[in-house]
Amino acid sequence: MVAIVPAASKPTQSSLKWTLARNLIAFWIFGLCNNYGYVIMLSAAEDIMDAQENNVKNDNDTVCLGSVSDAKCSTVSTGAVLLADIIPTFFVKITFPFFMHRIPFGVRHCVVVLAMVGSFFCVAFSESVAMSLAGVALASAGSGLGEITFLAMSTHFHNSMISACTQKNAY
C-alpha cells in the first residue's frame, strides 16, 4: 500500500523576498549590536582612563589638575585600553574555531549578549583601572565570539547575509 503525501507548497516570490529582507535586517542588527561595545570601548579609551586617574600625583609630587590649560598626568596610558580591546578578540578568533562547533548557536549568542551587558556594567561601575580594563576585555571577547558566531551562522542563509553581519569593516 502506497501512501499519498501531498506535495509541499512552494513559497511564493513575495514570501521569499520578505524572508530575505527579514533575515538581512536581523543580521544587520546583530552585527551592529555585536560591534557596538567594541567600538565604544575604543572611542572612549581616554575617558575610561581619565575616570580612574583623577588627581594622580606625578614624579615631582605635584597634583595633576584636570583643566584644559594644565598637563594631564596618568599612570596608565590609553594604550592599555587599546590592548585590552584587541588581544581578547585576537585570542578568541585564533582558538575558538578549533572547538566552537561543539557549542550550539543559541548558547554562543547568549554568551555574547551576557558578555556585552557585563562589560558595560563593569566599566560603568568600576572603581579601579584593573576593573575598567577587565570590562573592556570582556567586551572585546564578546565581540570576537559574536563575530565568528554570526559569520558561521550566515552560511545557513542566503549569500547576501555576509554583507549584513560584517559591518565592522565600515568603521
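This one's a predicted model, so the numbers in the text were calculated from it and none came from an experiment.

## Description of a nonpolar patch on the surface
A cluster of nonpolar side chains, contributed by Ile25, Trp28, Ile29, Phe30 and Leu32, occupies part of the molecular surface with about 440 Å² of accessible area. Its location among the elements puts Phe30 in helix α1 (residues 13-43).

## Remarks on the UniProt feature "transmembrane region" (unreviewed entry) in the protein
Taking the numbering used here, the UniProt-annotated feature "transmembrane region" (unreviewed entry) corresponds to residues 25-45, 105-126 and 132-153. Between the C-alpha atoms that bound residues 105-126 the distance is 31 Å, and the span itself is 91% helix and 0% strand. Across residues 132-153, helical content stands at 100% and strand content at 0%; the span's end C-alpha atoms are separated by 31 Å.

## With respect to the nonpolar core
By size, the foremost hydrophobic cluster in this structure holds 13 residues, and its most contacted members are Met41, Ile48, Met49, Val81, Val123, Leu133 and Val136. For this core, the elements supplying multiple residues, two or more each, are α2 (45-52), α3 (79-95), α4 (105-124) and α5 (129-153). Of the residues forming this core, the biggest block, four residues, is contributed by α5. Once you skip the residues sitting within four places of it in the chain, Val81 turns out to touch Met41, Ala45, Ile48, Met49, Leu133 and Val136. In this structure, Val92, Met100, Val112 and Leu145 belong to the second largest nonpolar core, which totals six residues.

Conventions adopted
- Residues numbered from 1 in each chain as written.
- Predicted model: local features only at pLDDT ≥ 70, side-chain atom pairs only at ≥ 80, totals over all residues.
- Heavy atoms only, no water.
- Patch = residues over 30% accessible without salt bridge, like charges linked within 9 Å, V, L, I, M, F, W, Y side chains within 5 Å.
- Areas by Shrake-Rupley, 256 points an atom, 1.4 Å probe, with all protein chains shown as cover.
- Salt bridge = Lys/Arg side-chain N within 4 Å of Asp/Glu carboxyl O.
- Helix = DSSP H or I, 4+ residues; strand = E, 2+ residues; numbered from the N terminus.
- UniProt positions renumbered as here; feature names shortened; annotations may be inferred.
- Core = buried A, V, L, I, M, F, W, Y, C linked by side-chain atoms within 4.5 Å.
- Buried < 20%, exposed > 50% of the residue type's maximum accessible area, 1.4 Å probe, protein only.
- Contact = heavy atoms within 4.5 Å.

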